[in-house]
Amino acid sequence: MFNLLSPVRGGVHPASHKDRSSALTIATAPLPERLYLPLRQHAGADALPVVRLGDKVLKGQLIAAAASEVSAPVHASSSGRVVAIGPVTAPHPSGLAANGIVIECDGDDRWIDVDLPSDPFSQEPMALADRVAQAGIVGLGGAIFPAAVKLKQGARHEIKTVLLNGSECEPYLTTDDRLMRERAEQIVDGARLIQHILRAYRIVIAIEDNKPEAIAAMRAASEPYGAIEVEVVPALYPMGSAKQLIQEITGREVPAEGRSTSVGVLVHNVGTVFAIQQALRYGRPLISRVVTVAGGCVARPRNVETRVGVPVQNLLDFCGGLTEVPAQLLMGGPMMGMVLPNAQVPIIKGATGVLALNRHEVPRDDASPCIRCARCVEACPMGLMPLEMAAHARADSFDGADDYGLKDCILCGSCAYVCPSHIPLVHYFQYAMGEQDARRSAEKKNDYTRQLMEQRQLRLEQEEAARAAAKAKKRKPTATTTEAAP
Amino acid sequence: MSHQPASAPHAHDRSSVSRIMLHVCLALTPCTAFGIYIFGWPALFLWLTTCVTAVAIEALCLRVGGQPLRRLLDGSALLTGWLIALSIPPWAPWWIGAGGALFAISIGKHLYGGIGQNLFNPAMLARIALLIAFPVQMTSWALPLPIGSEQAPGFAEALAISFGGAPVADSFTGATALGHLRTSFTLHQDARDVLAQDFSLIEAVVGRTAGSLGETSELLVLLGGLWLLALRIISWEVPVAMLLGVALPSLLANLVAPEHYAGPLFHLSSGGLLLGALFIATDPVTSPAGRSAKLVFGAGCGLVIFIIRNWGTFPEAVGFAVLFMNALTPLLDRYLRPRVYGRLPGGKPLQAASPTARVKQPGKT
Ligand code: SF4
Ligand code: SF4
């Protein structure tokens, strides 16, 4: 497929399915009995618990601290008591548990005292970035990369454009759409705060042309300020991918193996920007988010503002329950979302949606051999050759797969979406990437072991040499001694 | 392969191999129907025999190869048979069609491992094999005698022609326009005179000329091809490059030496060129995947056709040209890849922007 009007190559046009959930305002989900808070809801290291079993916690209280530079803290999303610290069901298709903290809510939902920050615009950029870090904010578009790390990295470069990603190209999902319609002012405020942190020249808010209301709301909200533009981009999947959006807006490509900062752009999802604004203006950590609950099996699809840690089942119930047994339960959108093993999985910071799809919505045809039709090549927004990558990955020839583009693959799934042979291309890519990673870390380990060996060898030799030297020294005065001391 | 990992994406555009193949067959229907009308009952019998044999052999090969029989439904064997039927003389005896289908499916496709694995276009492989093995039968082209016209063979007569080995009177057969030009060329006649006598553009485009089923009505072939293009079942690169690959050199040659070389219009409207460009060279399995590779592939096909038609010994060249370029497809795929996002054409990463302006807080890097 070629888009004559857009610099973005390839891409696909999946049916949007957005109408039902985008028609209703954001509702607020009720307080659950228990909150399940995994320690890793972000890219990077697990957060470290700072509460003990039985502790009373207040809403917004820090319960697990960031473990390293790339990590994010976790806060209690309501008041109550810590009843367990240990394995909780994690959002992962395997259903394996991950470590987390379970809070039994007391129903008061009482906030911890937050120190209301003074006017953030008068503060040092780095102090603001630290505040964002303390609020535990991660990329809410699904990327879950700690927002503060991005801000701090960006502050070291010349950032021309703060790019707000409101494209929301995944089918079904309408959280960003609703957020922009209902909270446009806060988002614009947040964008200006980010601009202040980065000392960026301008702000661009990119919205797909299928969201006219959001476009109008954002235009109105940014009216009073200069250097903010709302740019309408064509509805095309994966327009919401940072690389593609930068290409669309600036006409430039992010160099391979590089960051978007190297083309002077920093991309943040509009939901993340809202969270940043809440943290900087009101001192609120990230403890809730908007989630689209939709799919053919959901009785009343809509957007729900929910606390992090609420089981998916509660949200499904809140939306009228399920009308039939779903063929697939997903967290995120259908293109890149993750299969949930069951509905007990808690909502995490990166959960953009909960989809209960019926069997007509999830096509699962058996795979047949590749006919080399090149549709995947045409659909790939990165200019890769998915058919060759998959063929090599299947044959465990990972270097071959890399050679045909695996290292540049963003796992967007456009290729698998159009494959007439229904080949699970992304599955092969994930497999190959995992193997590559494992191999690389094994190599690193080997290297490390070898280094240790070499160092030991060197040390032994040096010791040997030193001993020999000492012996020789000793021998000089008493030349008759033949036996050396051991 | 029936195990389906539940990995993303959980959505699909609902395309399938069988839908692609059946659409191609549908696109071939108008020109086939017209061809059958023009060449009468024998053409129908031959077409039926070829298609049925192809499907039967496919079933057998799947069985023997231990592949799931449901692959029969992908329609690829039907399409191969169909393309063979379109590219052999319509009054050829049944065993030409059946033999071609047998060869194409068993040797041309399943010997390589079945669908998607073959290096060469099976239909063209069969056509060339037939041409070499049975030159007489493969070059006796029936003259158009539409069903119902006076001299057209009746049903029984047609059965005798297709299945009974009845000889076809010489008066019913003729040379194709290309064949004629070829013969005249060797007799040192002026191309212009030959064409003036023998070739009428209108007739060629509409399809009332001697030739194979699919070589006759260029108009209907074009129509089917355009439909496939509109549905994005085939892409434009190969057909356009291939037609240009024939048209440009022939235009040039015709300008330089009109007494030796026919012009582009003659070439474009004769032989299986359009069918080849739209339906045969675009076969996904045997053509390259990247855009530039497709363009080179198409242009190469066109150029080889031009060369063979003008200087080679066979008057018809599409089959040879396609097979020749098929052989180069793996190379083209390897060396002419799309440019990767964020990389230069060779694969090196793009340079980061103005490195001088990058560090804002020198102390912090
Ligand atoms: S889309 Fe599927 S069948 Fe077509 S070339 Fe790609 S992997 Fe092969
Ligand atoms: S998943 Fe990878 S290979 Fe497939 S279209 Fe997306 S970037 Fe290209």
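Note that the coordinates shown come from a computational prediction; the quantities given were computed from them, not determined experimentally.

Colleague: Explain the overall build of chain A to me, and be specific about the residues and the numbers.
Modeller: Regarding its fold elements, chain A presents 14 helices and 17 strands. Along the first, second and third principal axes, the C-alpha set of chain A runs to 100 × 60 × 50 Å. Across the 486 residues that make up chain A, the buried fraction comes to 55%. When contacts within chain A are restricted to residue pairs at least 6 apart in sequence, long-range pairs at least 24 apart make up 72% of them. For chain A, the exposed area adds up to about 20,700 Å²; of that, 51% sits on carbon and sulfur atoms. In chain A, which carries 52 positive and 53 negative side-chain charges, the distance between the mean positions of the two groups comes to 6 Å.

Colleague: If you had to explain the site of ligand 2 to someone new, which residues and values would you point to?
Modeller: All names here are of chain A. The full set close to ligand 2 counts 13 residues, and Cys380, Cys409, Cys412, Gly413 and Cys415 are the nearest of them. Of all the secondary-structure elements, those providing two or more residues to the shell around ligand 2 are helix H11 (386-394) and helix H13 (414-418). Taken together, the residues of the shell around ligand 2 sort by class into 11 nonpolar, 2 polar and no charged.

Colleague: An account of the domain arrangement of chain B is needed here, citing residue identities and associated values.
Modeller: Residues and elements named next belong to chain B. If you check the domain split of chain B, you get domain 1 (16-175) and domain 2 (177-209 + 234-338). Opposite the 22 residues of domain 1 that make contact, domain 2 presents 21 residues. Around 1,900 Å² of area is buried between domain 1 and domain 2 when both sides are counted, 77% of it from carbon and sulfur atoms. Applying the counting criterion to the domain 1 and domain 2 interface returns 0 salt bridges. Taken together, the links from domain 1 to domain 2 amount to 2 residue pairs in polar contact (both at pLDDT 80 or more). Breaking the side of domain 1 that touches domain 2 down by element, the ones donating at least two residues are helix H1 (17-39), helix H3 (76-86) and helix H5 (122-133). Sort the elements by how many residues they give to the side of domain 1 that touches domain 2 and H1 lands first, with 6 residues.

Colleague: Which residues make up the interface of chain A and chain B, and what are the values?
Modeller: Listed as interface residues are 73 residues of chain A and, on the opposing side, 54 residues of chain B. Taking both partners together, chain A and chain B bury about 5,700 Å²; carbon and sulfur atoms supply 53% of that area. It is Arg156, Ile371 and Arg372 of chain A in chain A that bury the most area against chain B; as a group they hold 12% of the surface buried on that side. Across the contact surface, chain A and chain B share 6 salt bridges. A salt bridge links Glu378 of chain A to Lys294 of chain B; the shortest N-O distance between them is 3.3 Å. Of all elements in the fold, only helix H7 (242-250), strand S15 (328-331), helix H10 (375-379), H11, H13 and helix H14 (425-475) of chain A reach the threshold of two or more residues within the side of chain A that touches chain B. The greatest single-element share of the side of chain A that touches chain B, amounting to 4 residues, is contributed by H14 of chain A. Among the residues making up the side of chain A that touches chain B, the classes are represented as 39 nonpolar, 14 polar and 20 charged.

Colleague: Can you lay out the site of ligand 1 for me, pointing to particular residues and giving the numbers?
Modeller: Surveying the vicinity of ligand 1 reveals the residues Cys370, Ile371, Arg372, Cys373, Ala374, Cys376, Leu387, Cys419, Pro420, Ser421, Ile423 and Leu425 of chain A. By residue class, the composition of the shell around ligand 1 is 10 nonpolar, 1 polar and 1 charged.

Colleague: Pulling in residues and values, what's your account of the pattern of salt bridges?
Modeller: Tallying each qualifying case throughout the model produces 29 salt bridges over all chains. Between Glu257 of chain A and Arg343 of chain B there is a salt bridge, and its shortest N-O distance comes to 3.0 Å. With Glu257 of chain A in the loop between H7 and strand S12 (265-269) and Arg343 of chain B in the segment after helix H17 (318-335), this residue pair bridges two chains. For Arg343 of chain B, a relative accessible area of 5% gives the class buried.

Colleague: Which residues make up the domain arrangement of chain A, and what values do they have?
Modeller: All names here are of chain A. On domain assignment, one finds that chain A holds domain 1 (19-288) and domain 2 (366-469). Here domain 1 and domain 2 have C-alpha centroids that lie 31 Å from each other. Counting from both sides, the interface comprises 6 residues of domain 1 and, opposite them, 6 residues of domain 2. Between domain 1 and domain 2 the total buried area reaches about 500 Å² when both faces are included, carbon and sulfur atoms providing 56% of it. Where domain 1 touches domain 2, the interface holds 0 salt bridges.

Colleague: If you had to explain the state of the cysteines to someone new, which residues and values would you point to?
Modeller: Enumeration over the complete set of coordinates arrives at 0 disulfides over all chains. Of the cysteine sulfurs around Cys169 of chain A, a residue in no disulfide, the closest is that of Cys412 of chain A, at 9.0 Å.

Colleague: Describe the packing of H1 of chain B against helix H2 (residues 41-64) of chain B, listing the residues and the values that go with them.
Modeller: All names here are of chain B. Where H1 contacts H2, the two axes come as close as 6 Å, and the packing angle between them is 135 degrees. With respect to each other, H1 and H2 are oriented oblique. Every residue of H2 that contacts H1 at Thr32, Ile36 and Phe39 is listed here: Trp41, Pro42, Ala43, Leu44 and Trp47. Along the lines of polarity and charge, the residues of the contact of H1 with H2 split into 7 nonpolar, 1 polar and no charged.

Colleague: So what about H17 of chain B? Which residues, and what values?
Modeller: Each α-helix turn comprises 3.6 residues. Residues three or four places apart therefore point the same way. Here H17 of chain B spans 25 Å end to end across 18 residues, near enough to the 26 Å set by a 1.5 Å rise per residue. Along its length, H17 of chain B reaches its greatest deviation from straightness, about 45 degrees, at Leu328 of chain B, and the proline Pro330 of chain B lies no more than four positions downstream. Looking at H17 of chain B, one finds that the buried residues are Val318, Gly319, Ala321, Val322, Leu323, Met325, Asn326, Thr329, Leu332 and Asp333 of chain B. Buried positions along H17 of chain B lie against H11 of chain A together with H5, helix H13 (237-256), helix H15 (273-280) and helix H16 (291-311) of chain B.

Colleague: Explain the confidence of the model for chain B to me, using residue names and the numbers behind them.
Modeller: Residue and element names in this part refer to chain B. Of the residues in chain B, 80% reach a pLDDT of 70 or more, and the chain-wide mean stands at 82. Across residues 354-365, where pLDDT falls below 50, the model places 21 contacts with residues more than four positions away in sequence or in other chains. Predicted complex metrics record ipTM = 0.84 and pTM = 0.86.

Colleague: So what's going on with the environment of His75 of chain A? Which residues, and what values?
Modeller: All names here are of chain A. The topology assignment puts His75 in strand S6 (residues 74-75). Separated by 13 residues in the primary sequence, His75 and Leu62 have C-alpha atoms spaced 4.4 Å apart. Leave out the neighbours within four places in its chain, and His75 touches Leu37, Gly60, Gln61, Leu62, Ile63, Gln134, Ala135, Gly136, Pro285 and Ile287. In terms of polar contacts, His75 uses its side chain to reach the backbone carbonyl oxygen of Gln134, at 3.1 Å.

Colleague: Provide a residue-level description of the environment of Val291 of chain A, including the pertinent values.
Modeller: All names here are of chain A. Along the chain, the position of Val291 falls in strand S13 (residues 288-294). In this structure the C-alpha to C-alpha distance between Val291 and Gly350, which are 59 residues apart in sequence, comes to 9.5 Å. Dropping the residues within four chain positions of it, Val291 is found in contact with Thr175, Arg302, Asn303, Val304, Thr306, Leu315, Ile347, Ala351, Thr352, Gly353 and Val354.

Conventions we followed
Residues numbered from 1 in each chain as written. Chains lettered and ligands numbered in written order. Predicted model: local features only at pLDDT ≥ 70, side-chain atom pairs only at ≥ 80, totals over all residues. Heavy atoms only, no water. Helix = DSSP H or I, 4+ residues; strand = E, 2+ residues; numbered from the N terminus. Buried < 20%, exposed > 50% of the residue type's maximum accessible area, 1.4 Å probe, protein only. Contact = heavy atoms within 4.5 Å. Areas by Shrake-Rupley, 256 points an atom, 1.4 Å probe, with all protein chains shown as cover. Lys, Arg positive; Asp, Glu negative; His and termini not counted. Charge placed at Lys NZ, Arg CZ, Asp CG, Glu CD. Near = heavy atom within 4 Å. Nonpolar A, V, L, I, M, F, W, Y, C, P; charged D, E, K, R; others polar. Domains from an automatic or database assignment. Buried area = accessible area lost by both parts, 1.4 Å probe. Salt bridge = Lys/Arg side-chain N within 4 Å of Asp/Glu carboxyl O. Polar contact = N/O pair within 3.5 Å; in protein donor to acceptor, adjacent residues only side chain to side chain. Disulfide = S-S within 2.5 Å. Axes fitted to C-alpha atoms, helices over the stretch in contact; angles between N-to-C directions. Parallel < 35°, antiparallel > 145°, perpendicular 65-115°, else oblique. Expected span 1.5 Å × (residues − 1). Bend = angle between axes of the 7 residues up to and from the residue. pLDDT = per-residue confidence, 0-100.

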